[in-house]
There are 2 protein chains.
Amino acid sequence: MANYVFGVDVGGTTVKLGLFDVSGNLEEKWEIPTRTENGGVNILPDIAASVQAKMTERSISKEDVAGVGIGAPGPVDGEGIIHRAVNLGWSEMNLKKELTELLGGMLVEGGNDANVAALGEMWKGGGQGHKDLVAVTLGTGVGGGIIVNGKVVTGFNGSGGEIGHIHVEDHETTACNCGNYGCLEQYASATGITRLAEQKLKSSDKDSVLRQGEVSAKTVFDAVKAGDELAVEVAVQFGEYLGKALAVIAGVVNPEVFVIGGGVSKAGEVLFDYIRPPYEKTVFHGSKETKFVLATLGNDAGIYGAARLVLA
Amino acid sequence: MANYVFGVDVGGTTVKLGLFDVSGNLEEKWEIPTRTENGGVNILPDIAASVQAKMTERSISKEDVAGVGIGAPGPVDGEGIIHRAVNLGWSEMNLKKELTELLGGMLVEGGNDANVAALGEMWKGGGQGHKDLVAVTLGTGVGGGIIVNGKVVTGFNGSGGEIGHIHVEDHETTACNCGNYGCLEQYASATGITRLAEQKLKSSDKDSVLRQGEVSAKTVFDAVKAGDELAVEVAVQFGEYLGKALAVIAGVVNPEVFVIGGGVSKAGEVLFDYIRPPYEKTVFHGSKETKFVLATLGNDAGIYGAARLVLA
């Protein structure tokens with residue numbers, strides 16, 4: 001039986017790679033640049049070369065590797081085909097097939113990066129011990145991963161768990177990156193929180209520490225912790241949008257736990273003070289007790305989850 | 001190998017039973033009353049007796065029955081335990097274990113009635129050929145069944161697919177049956193459509209055929225088909241609530257098809273004219289092409305799906 005598994009998380013700037021034992025202990029992690037030029041034609045060959053160099057360096061034979069899991073930013077369907085990975089320069093790419101060939105037939109499994117990160121948090125992070133969970137990544141955007149009975153919900157064409165683009169506001173006049181108006185991501189991401197705060201600073205006469213210095217998700221929640229009234233109003237707005245959206249998600253998949261990660265989650269459990277009340281007010285009673293926890297793997301969730309894809 | 005399977009659909013007034021061959025052909029269906037008195041203590045024994053009487057009548061041996069599937073109105077968890085089936089008088093009941101014992105050890109599988117009906121529509125109804133589908137039952141209430149990769153999403157405690165209680169309106173002052181305010185069911189069920197129409201008749205001065213005679217989901221959509229302006233306004237409201245809710249659901253599970261059933265669906269494909277525009281306007285692009293079809297099994301979806309539970 002194989003002793004090792006590789007997890008690969010492809011980002012727009014760097015590719016993160018991890019070598020794990022099959023119990024999920026991270027033995028080593030490293031990064032290579034993501035070469036997006038020429039339609040991203042070098043990305044998979046670079047990954048294959050890096051995996052093979054590591055195997056040579058550590059004298060690991062092909063037979064001793066269970067496989068290579070890969071997460072990438074875009075919808076990945078059940079066949080391992082990624083559609084429209086604009087950040088990487090790819091149009092359509094069969095991750096599984098192409099990387100297997102480059103690795104001389106090694107087993108490859110592929111998934112969407114947010115879904116894969118959810119799997120990582122279930123396996124070794126904040127969601128350990130649960131098999132029905134929803135992971136929410138509050139970063140520059142809002143990403144999500146829905147896990148039902150231990151398996152990621154990929155959806156019909158790889159667009160499952162796209163919770164950042166759930167429609168939550170009918171009166172939005174600025175378009176989301178996706179082209180729609182009023183997506184959750186416009187209010188609950190780091191960018192969205194900054195935007196809510198800037199709007200509030202304009203529309204309110206209240207004094208606030210946010211009027212001096214930088215306005216960001218971090219400074220907003222620092223101000224919330226210091227009792228700044230205006231910042232609290234922003235946090236309430238953020239919590240209304242996110243809490244009600246998570247209540248709807250719970251009505252669909254009834255998870256045992258929400259795992260909240262991404263840059264915004266560095267604010268800590270104070271987030272839950274603003275998310276839970278609107279959640280509990282609007283959620284179906286069967287999901288009222290669903291837990292909220294913080295993600296614990298940070299930027300490593302992707303490589304953990306990618307490795308887990310192979311072992312699932 | 002067994003040739004037969006029973007499907008049982010427990011309602012508040014009657015229990016529907018069906019005898020199927022293992023390919024899913026319905027050989028015979030019948031009903032017995034649901035005896036809800038004394039905490040519903042007779043319901044499962046009545047079902048067992050009816051199944052056994054049918055086996056005797058048709059000289060079917062125990063070995064020739066693959067099992068008995070049962071759907072019931074309440075959250076059913078992965079162990080086959082139903083929680084809070086208020087319409088049946090049950091508090092908590094292990095459907096699977098109790099009915100197996102009553103049937104001398106025959107295989108029993110249990111599920112929530114709406115989830116089970118979704119499985120029926122996937123197997124032999126409007127959703128045939130699809131394995132990622134969402135079934136929506138627009139009846140007295142709004143029920144749902146979410147199927148991901150061929151399997152019903154039960155959720156952590158059996159509350160998956162409770163889409164009738166998705167929060168869609170912040171300004172509702174009348175409570176839903178579930179205790180919350182502004183649930184989808186309050187606008188998209190037969191009762192909800194009637195209510196929207198009655199409110200519109202009060203708030204509008206427009207002439208309408210609905211001012212003469214009964215107001216119901218049926219008369220509203222009959223009037224829509226006849227071009228009645230006020231009825232069209234009601235249909236637009238209904239479609240806004242339902243279309244946007246289905247868009248959110250699609251953002252979570254990305255189904256290939258929505259199967260719309262229940263009494264309201266007798267209005268036919270005209271419903272889609274009102275559901276699709278708000279759906280397409282707000283849904284994530286990956287789910288824009290999701291199909292809408294009508295359910296075809298009517299009241300038999302439950303027995304079909306229950307039988308399918310056993311064969312899954």
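Treat the numbers as computed from the prediction; the structure is a model and nothing was measured.

This paragraph deals with the pattern of salt bridges. Two side chains with opposite charge may pair up if their charged atoms get near one another. Tallied over the entire structure, the rule returns 32 salt bridges over all chains. Through salt bridges with shared partners, one network takes in E27(A), E28(A), K54(A), E57(A) and R58(A).

Our next topic: the pairing of strand β3 (residues 26-33) of chain A. Residues and elements named next belong to chain A. Two strands pair when backbone bridges link them, and strand β2 (residues 14-21) and β3 are joined in this way by seven bridges, in the antiparallel orientation. Counterpart to T14 in the pairing with β3 is P33. Hairpin connection, β2 to β3: the antiparallel pair is bridged by four residues, and G24 has positive phi, about 95°.

Let's shift gears to the pairing of strand β1 (residues 4-10) of chain A. Residue and element names in this part refer to chain A. When you tally the buried positions in β1, you get seven out of seven residues, the bulk of the element. Sheet analysis places β1 next to strand β4 (residues 65-72), joined by five bridges and oriented parallel. Opposite D9, over in β4, you have G71 as the bridge partner. Both β1 and β2 contribute to a ladder of seven bridges, which runs antiparallel. What sits directly across from G7, in β2, is G18. Joining the antiparallel neighbours β1 and β2 is a turn of three residues.

Now for the environment of A85(A). Residue and element names in this part refer to chain A. Mapped onto the fold, A85 is located in strand β5 (residues 81-85). In this structure the C-alpha to C-alpha distance between A85 and P75, which are 10 residues apart in sequence, comes to 7.7 Å. Excluding its chain neighbours within four sequence positions, the residues that come into contact with A85 are P73, W90 and S91.

Moving on, we get to the sheet that holds strand β11 (residues 257-261) of chain A. Residue and element names in this part refer to chain A. Strands sit in the order β10-β9-β8-β11-β12 across an open sheet of five strands; the sheet is mixed. Whereas interior strands pair on both sides, the edge strands pair on one side only; in this sheet they are β10 (151-152) and β12 (291-294). Note that strand β8 (residues 133-138) and β11 share five bridges and pair parallel. Looking at β11, one finds that L133 is bridged to V257.

Attention now moves to unusual backbone geometry. We note that N38(A) has phi near 55°; this positive angle belongs to a residue other than glycine. Tracing the sequence through the fold places N38(A) in helix α1 (residues 37-40).

Looking now at the interface of chain A and chain B. Taken residue by residue, the interface counts 38 residues in chain A and 38 residues in chain B. Around 3100 Å² of area is buried between chain A and chain B when both sides are counted, 60% of it from carbon and sulfur atoms. Of the charged contacts in the structure, one is a salt bridge between K244(B) and D170(A), with a shortest N-O distance of 2.6 Å. Here chain A is connected to chain B by 22 residue pairs in polar contact (both at pLDDT 80 or more).

Of the transformation superimposing chain A on chain B, the axial component is 0.0 Å and the angular component is 180°, with the fit at an RMSD of 0.1 Å. One copy is carried onto the other by what is essentially a two-fold rotation axis. The share of interface residues of chain A whose copies in chain B are also at the interface is 100%, consistent with both copies meeting through the same surface.

Residues and elements named next belong to chain A. Interhelical geometry of helix α6 (residues 190-203) versus helix α8 (residues 229-253) gives an angle of 130° and a closest axis separation of 10 Å. In this view, α6 runs oblique relative to α8, as classed from their interaxial angle. Where α6 crosses over α8, the handedness of that crossing is right-handed. Residue-level contacts link I193, L196, A197, K200 and L201 of α6 to L230, E233, V234, Q237, F238 and Y241 of α8. Looking at the contact of α6 with α8 residue by residue, the class counts come to eight nonpolar, one polar and two charged.

This next bit is on helix α10 (residues 301-311) of chain A. An α-helical segment advances 3.6 residues per turn. Residues three or four places apart therefore align on the same side. Residue and element names in this part refer to chain A. Along α10, nine of the 11 residues are buried, which leaves the element largely enclosed by surrounding structure. Restricting attention to buried positions, one finds in α10 the residues A301, G302, I303, Y304, G305, A306, A307, L309 and V310. Residues of α10 that are buried sit in contact with β1, β2, β3, β4, β7 (108-112) and α4 (113-124).

Turning our eyes to something else, we now look at the side chain of D77(B). Residues and elements named next belong to chain B. Among the structural elements, D77 can be located in the loop between β4 (65-72) and β5 (81-85). No salt bridge is formed by the buried D77. Its closest oppositely charged neighbour is K96, at 9.6 Å. Engagement of the side chain of D77 in a polar contact is seen with the backbone nitrogen of E79, the distance being 2.9 Å. Polar contacts involving the side chain of D77 include one to the side chain of H83, which spans 3.1 Å. Residues in contact with D77, not counting those within four places in the same chain, are H83, T154, N157 and G158.

What follows deals with the packing of aromatic side chains. A complete count under the given rule lists 18 aromatic pairs over all chains for this structure. Centre to centre, the rings of Y279(A) and F292(A) are 5.1 Å apart; their planes meet at 85°, and the pair counts as edge-to-face. Of this pair, Y279(A) sits in helix α9 (residues 270-282) while F292(A) sits in strand β12, and the two are 13 residues apart along the sequence. For the pair Y279(A) and F292(A), one class covers both residues: buried. Look at F258(B) and F292(B): their rings are 5.0 Å apart centre to centre, the planes differ by 35°, and that puts the pair in the tilted class. In this pair, F258(B) is assigned in strand β11 (residues 257-261) and F292(B) in strand β12 (residues 291-294), connecting sequence segments 34 residues apart. A single burial state applies to F258(B) and to F292(B), both of which are buried. In this structure an aromatic cluster arises from ring pairing among F258(A), F272(A), Y279(A) and F292(A). The ring of W30(A) carries the charged tip of K54(A) above its face, separated from the ring centre by 4.4 Å.

The rules behind these values
Residues numbered from 1 in each chain as written. Chains lettered and ligands numbered in written order. Predicted model: local features only at pLDDT ≥ 70, side-chain atom pairs only at ≥ 80, totals over all residues. Heavy atoms only, no water. Salt bridge = Lys/Arg side-chain N within 4 Å of Asp/Glu carboxyl O. Pairing = 2+ DSSP bridges. Helix = DSSP H or I, 4+ residues; strand = E, 2+ residues; numbered from the N terminus. Buried < 20%, exposed > 50% of the residue type's maximum accessible area, 1.4 Å probe, protein only. Contact = heavy atoms within 4.5 Å. Buried area = accessible area lost by both parts, 1.4 Å probe. Polar contact = N/O pair within 3.5 Å; in protein donor to acceptor, adjacent residues only side chain to side chain. Least-squares fit on C-alpha atoms with pLDDT ≥ 70 in both. Axes fitted to C-alpha atoms, helices over the stretch in contact; angles between N-to-C directions. Parallel < 35°, antiparallel > 145°, perpendicular 65-115°, else oblique. Left-handed = near helix turned anticlockwise from the far one by under 90°. Nonpolar A, V, L, I, M, F, W, Y, C, P; charged D, E, K, R; others polar. Lys, Arg positive; Asp, Glu negative; His and termini not counted. Phe/Tyr/Trp six-rings, centres within 6.5 Å; stacked < 30°, edge-to-face > 60°. Lys NZ or Arg CZ within 6 Å of the ring centre and 35° of its normal.

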